Amino acid sequence: AQTVTQSQPEMSVQEAETVTLSCTYDTSESNYYLFWYKQPPSRQMILVIRQEAYKQQNATENRFSVNFQKAAKSFSLKISDSQLGDTAMYFCAFMKDSGYALNFGKGTSLLVTP
Amino acid sequence: DAGITQSPRYKITETGRQVTLMCHQTWSHSYMFWYRQDLGHGLRLIYYSAAADITDKGEVPDGYVVSRSKTENFPLTLESATRSQTSVYFCASTEGLAVQETQYFGPGTRLLVL
């Protein structure tokens with residue numbers, strides 16, 4: 001079974017600063033997919049970014065980028081120029097190539113302060 | 001409205017009662033999913049469906065029943081609600097034909113079983 005670990009239950013960052021959220025996973029699969037989802041206080045789950053394991057290039061979406069280290073099984077999320085609206089719970093998720101279910105970590109609560 | 005919707009958004013019921021949570025998507029996505037979210041956990045898959053009339057169990061299916069008579073609808077029924085089923089339930093669908101495509105989530109249903 002795949003496990004996803006987010007070792008930082010809570011983090012805080014000041015507006016305009018950069019913050020990195022950590023995620024590690026355990027799998028024996030060679031190809032898979034990794035995701036970061038954001039859950040603001042509204043509880044809506046919003047896709048932030050997606051990475052296919054066979055792609056060496058790190059995914060980026062505007063202020064959000066990932067550092068994907070396949071050998072280390074690490075998938076961290078960097079948020080640049082943090083905004084108050086980035087305050088949310090962030091979930092890392094894994095899906096194996098032959099699978100159908102997203103396996104989620106327990107989440108990191110991010111607070112952006114003025 | 002386009003997208004994925006869930007109803008009701010909030011539900012209070014009593015132990016032993018049958019409850020049905022509705023999920024509707026307007027994208028004609030093939031795959032649909034039901035997850036539950038509990039404190040201290042990420043989301044966990046209950047059931048998923050690859051197409052109309054095709055459903056399969058996820059990680060935590062006990063006590064739940066699903067059906068998919070139409071592509072756009074994927075109701076989740078708790079046949080005899082228990083307190084342990086108090087949770088937030090999320091419906092999701094994938095944007096493409098492959099199950100590994102990105103999943104987009106509905107707004108969630110908060111269920112309280114007394």
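Quick note: structure is the one above.
Within each chain, residue numbers correspond to sequence positions counted from 1 in written order. Written order determines the labels here, with chains lettered from A and ligands numbered from 1. Predicted model: local features are reported for residues with pLDDT of at least 70 only, side-chain atom pairs are reported and counted for 80 or more only, and whole-chain, interface and lining totals are derived from all residues. In computing side-chain properties, one takes all heavy atoms of the structure into account and sets aside hydrogens as well as water.

### Considerations on the interface of chain B and chain A
Now for step 1: Two residues form a contact once any of their heavy atoms are found within 4.5 Å. Counting residues at the interface gives 22 residues for chain B and 21 residues for chain A.
Now for step 2: Counting the surface lost from both chain B and chain A, the interface buries some 1800 Å², and carbon and sulfur atoms represent 54% of this.
Now for step 3: Note on definitions: salt bridges are taken to be side-chain nitrogens of Lys or Arg within 4 Å of carboxyl oxygens of Asp or Glu. There are zero salt bridges connecting chain B and chain A.
Now for step 4: Each polar contact in these results corresponds to two N or O atoms within 3.5 Å; when the atoms are within protein, one needs to be able to donate a hydrogen and the other to accept it, and residues that are neighboring in sequence are counted only if both atoms are side-chain atoms. Our count for the contact surface shared by chain B and chain A stands at seven residue pairs in polar contact (both at pLDDT 80 or more).
Now for step 5: The helix and strand labels rest on DSSP assignments: H or I over at least four residues marks a helix, E over at least two residues marks a strand, and numbering proceeds from the N terminus. Mapped onto the side of chain B that touches chain A, the elements with two or more residues apiece are strand S4 (32-37), strand S5 (43-51), strand S9 (87-94) and strand S10 (103-105) of chain B.
Now for step 6: Classifying every residue of the side of chain B that touches chain A gives eleven nonpolar, eight polar and three charged. Accessible area, probed at 1.4 Å, shrinks when two parts are joined; the buried area is that loss added up over both. Each residue is assigned to one of three groups, with Ala, Val, Leu, Ile, Met, Phe, Trp, Tyr, Cys and Pro labelled nonpolar, Asp, Glu, Lys and Arg labelled charged, and all others, Gly among them, labelled polar.

### Some remarks on the sheet that holds strand S1 (residues 4-7) of chain B
Residue and element names in this part refer to chain B.
Now for step 1: If DSSP finds at least two bridges between two strands, the strands pair. Taken in spatial order, the four strands make up an open sheet running S1-S3-S8-S7, and their pairing is antiparallel. Looking at strand neighbours, the two that pair on one side only are S1 and strand S7 (64-66), the edges of this open sheet. The sheet shows a mean angle of 20 degrees between the axes of neighbouring strands, direction not considered.
Now for step 2: With three bridges connecting them, S7 and strand S8 (residues 76-78) associate as antiparallel partners. Considered in S8, the bridge of Val65 is made with Thr77. Angular values range over 0 to 180 degrees, each being the angle between N-to-C directions of two axes fitted as lines to C-alpha atoms, with helices fitted over their stretch in contact.

### Quick notes on a nonpolar patch on the surface
All names here are of chain B.
Now for step 1: There is a patch of nonpolar side chains on the surface, built from Ile12, Leu112 and Leu114 and spanning about 280 Å² of accessible area.
Now for step 2: Along the chain, Ile12 turns up in strand S2 (residues 10-13).
Now for step 3: Each residue gets one of three labels from its accessible area relative to the maximum for its type: buried under 20%, exposed over 50%, partly exposed in between, using a 1.4 Å probe on protein chains only. Ile12 gets classed as exposed once you look at its relative accessible area, which sits at 58%. Like charges are joined within 9 Å and nonpolar side chains (Val, Leu, Ile, Met, Phe, Trp, Tyr) within 5 Å, but only among residues with over 30% relative accessible area and no salt bridge; these make up the patches. Surface accessibility follows the Shrake-Rupley procedure with a 1.4 Å probe radius. Residue values consider only the protein chains on display as shielding.

### Considering the side chain of Thr109(B)
Residues and elements named next belong to chain B.
Now for step 1: Among the secondary structure elements, Thr109 is positioned in strand S11 (residues 109-113).
Now for step 2: Judged by relative accessible area, Thr109 falls into the buried class, the value being 0%.
Now for step 3: Side-chain polar atoms of Thr109 contact the backbone oxygen of Pro8, separated by 2.6 Å.
Now for step 4: When near neighbours in sequence (up to four residues on either side) are disregarded, Thr109 contacts Gln6, Ser7, Pro8, Arg9, Leu21, Ser87, Val88 and Tyr89.

### Brief notes about the side chain of Gln39(A)
Now for step 1: Mapped onto the elements of the fold, Gln39(A) is located in strand S5 (residues 32-39).
Now for step 2: On the accessibility criterion, Gln39(A) (7% relative accessible area) is buried.
Now for step 3: A polar contact of 3.0 Å, which involves the side chain of Gln39(A), links it to the backbone oxygen of Arg43(A).
Now for step 4: Beyond its immediate chain neighbours, meaning those up to four positions away, Gln39(A) contacts Gln44(A), Met45(A), Ala88(A), Met89(A), Phe91(A), Gln37(B) and Phe90(B).

### Thoughts on the environment of Ala53(A)
Residue and element names in this part refer to chain A.
Now for step 1: As for its placement among the helices and strands, Ala53 is situated in the loop between strand S6 (46-52) and strand S7 (60-61).
Now for step 2: Separated by 19 residues in the primary sequence, Ala53 and Leu34 have C-alpha atoms spaced 7.3 Å apart.
Now for step 3: If we ignore the near neighbours within four places in the chain, the residues touching Ala53 are Ser30, Asn31, Tyr32, Phe68 and Lys70.

### Digging into the pairing of strand S10 (residues 88-96) of chain A
A regular strand carries its side chains on alternate faces of the sheet.
All names here are of chain A.
Now for step 1: The buried fraction of S10 is high, at seven of nine residues.
Now for step 2: By the bridge criterion, three bridges tie S10 to strand S12 (residues 108-113) in an arrangement that is antiparallel. Note on S12: the bridge partner recorded for Tyr90 is Thr108.
Now for step 3: Judged from the two bridges that link them, S10 and strand S11 (residues 103-104) form a sheet pairing that is antiparallel. Each residue of the ladder has a partner; that of Phe94, found in S11, is Asn103.
Now for step 4: In sequence, S10 turns back onto S11 through a hairpin of six residues.

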